[in-house]
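# Structural characterization, general
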Amino acid sequence: MEVFNVRRFILASVLTAVAAFAFVAVEARPAAAATACESECAGSTLTPAPSYSPSPTPTYSPSPSPSPYPSSSPSPYPSSSPSPTPTPTGADSSGGSIGGLANQRFNQMITNRVLGTVLLGVNEQVNCSNCVSAFGSAGSFSAGIHGRKELTNNLSLLAGIAYTQYSEGGYNITSAPIGAFALRYDFTDWGSSRPFFDVGTILTPWEKARYTRSYNTSLGPVSVTSSTNASNYAVYGRAGWISRVSPRDEVAASIEVWQLWQRVSGYTDSAVAFNPFDASIATGTDRTSLVKIGGQWTHLYGSNIEANINGGWVQSFAGHSGIVATVTGDGVVVPTMGNQGWFEYGGRLGFRVQKGWIVDLFANGTLGPQPVGNTIHGGVGLRINY
C-alpha cells in the first residue's frame, strides 16, 4: 500500500511540474510577441520594399453642362431693371384727325352731287328735243345713261343712272350706283324769253367707303384706313330764266336750293402695327344746305358743232357733321362743320356725226378751298336726239 501511495505521490508531483512548466511557457510567448511588436513600431531599421502601384488609367470626363443659373453668369432676373419704353404722346393730334374725317365726308357729299347733276343734263341746254345719252367719265370713274322726255309741251322728265367710283383727300368710294330724276316746267307759251322751274333728287342708296385718319405722336406718325358703308341723298329746287337770244344761242340764269344728307355706318380703326390713340366712330348722318347762283350758254357753230359752258357760285349753310368719335386719351370728339363757299364749272363740246347722233366731250368740277378743293371730272358720251 505504501509503495502504491509513493507511486501515486511521485506521479502527482510529476504531473504538477509539467503543468506548471506549460503555464509558464504560455505566459512567456505573448510577452515576447508584445515586445517584438513594440520594437517594430518604435522604428526598426528594416524598411519593407514598396509595392508597385501602376499609374491610373486616364478617364474622359465630359465638360459639365452649364447650369441654368450659373453663379458666375448674370442672373436672368437682374436686380437692376432696364429703362421702360417711353409712353407716346399725341392724343390731341389723334383727336384733331377726327376733323379731317369730317372734311372728307363733306367733300364726299359735294362730289356725289356734282356727279349726279350730269344725269340731270347740267351740260345741256335748258330746252331741247327728246334725247338719250350713254357716257363714261374719268377723273372719277363713272359710266351710265341719261336723257330727257317731253311729257307735255311744258313739262319734261330728266333722269339717269350711273355706276361711280371716286376718291379725294384721303377717302375712297367704290361700288356706288347713282340715280337721279327731275321734272322741269318750261313756260314755252311765253315766247323766247321765259321762266322755268326744276324739282328733283339724287339718290345713292349704298356705297362702300374707306376713310383715312392720320395723326402724329412723339414716337412717329400714324395713318389708319378703315372701311364702312355709306349712302347719299339730295333734293333740290331750281328757278330760272331762259332766253333764246338767237336761233343759235340760248342763255339761262338760275338759283338753286339743295338739301344733302349722308348716312355713314359706324366703325372702329382697323388693326395697324402702331396706333396708341385709336378711335371708334359711331353711326351718324352728315347734312348740309346749299344755295347756287349760276348761268349757262349754249351755242351752235355752223351746223355740226355745239358748245355749252356753265358755272356758278355755291354757298353752304346749316352744315352738321354726324361724326361722334370716341378717341383713346381724348374722350368723345364731335367735330364742327363750318360754312363753305366754292365755284362749280362745267362744259360740253358736241359733234354732230350725222342727223340726230352727237358725240359729246364734257367736263365738270369745283374750284375752292378745302374741304371742297379743286376737282375735275371729264368724259365722253354718245347722245341720240329723237
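Residues numbered from 1 in each chain as written. Predicted model: local features only at pLDDT ≥ 70, side-chain atom pairs only at ≥ 80, totals over all residues. Heavy atoms only, no water.

The subject of this paragraph is helix α2 (residues 91-118). For the α-helix, the turn length of 3.6 residues means that residues three or four positions removed from each other point alike. Across its 28 residues, α2 extends 43 Å between first and last C-alpha, which sits within 8% of the 40 Å expected from 1.5 Å per residue. The buried fraction of α2 is high, at 22 of 28 residues. (Helix = DSSP H or I, 4+ residues; strand = E, 2+ residues; numbered from the N terminus. Expected span 1.5 Å × (residues − 1). Buried < 20%, exposed > 50% of the residue type's maximum accessible area, 1.4 Å probe, protein only.)

Moving on: the packing of aromatic side chains. For the coordinates displayed, the defined rule picks out 10 aromatic pairs. Look at Y166 and Y171: their rings are 6.2 Å apart centre to centre, the planes differ by 85 degrees, and that puts the pair in the edge-to-face class. A relative accessible area of 3% places Y171 in the buried class. An angle of 65 degrees between the planes, with centres 6.4 Å apart, marks the rings of Y215 and F277 as edge-to-face. Here the residue Y215 occupies a position in strand β5 (residues 193-217), and F277 occupies one in the loop between β8 (267-268) and β9 (279-281), the gap between them amounting to 62 residues. Accessibility classification places Y215 together with F277 in one group, the buried group. Site record: aromatic cluster; members linked through ring pairs are Y185, F187, W190 and F197. Note that R113 overlies the ring of W258, its terminal NZ or CZ placed 4.7 Å from the centroid. (Phe/Tyr/Trp six-rings, centres within 6.5 Å; stacked < 30°, edge-to-face > 60°. Lys NZ or Arg CZ within 6 Å of the ring centre and 35° of its normal.)

Bringing unusual backbone geometry into the picture now. In this structure, P371 follows Q370 across a cis peptide bond, with omega equal to 15 degrees. Positionally, P371 belongs in the loop between β15 (357-367) and β16 (375-385). Look at A318: it is not a glycine, yet its phi comes out positive at around 55 degrees. With respect to the element layout, A318 can be found in strand β11 (residues 305-320).

The subject of this paragraph is the pairing of strand β2 (residues 141-150). Here strand β1 (residues 131-138) pairs with β2 via 7 bridges, running antiparallel. The partner of A134 across the bridge, within β2, is I145. If you look at the hairpin formed by β1 and β2, you'll find 2 residues sitting between the two strands, and G139 has a positive phi there, around 90 degrees. One ladder, built from 10 bridges, connects β2 with strand β3 (residues 155-168); its direction is antiparallel. (Pairing = 2+ DSSP bridges.)

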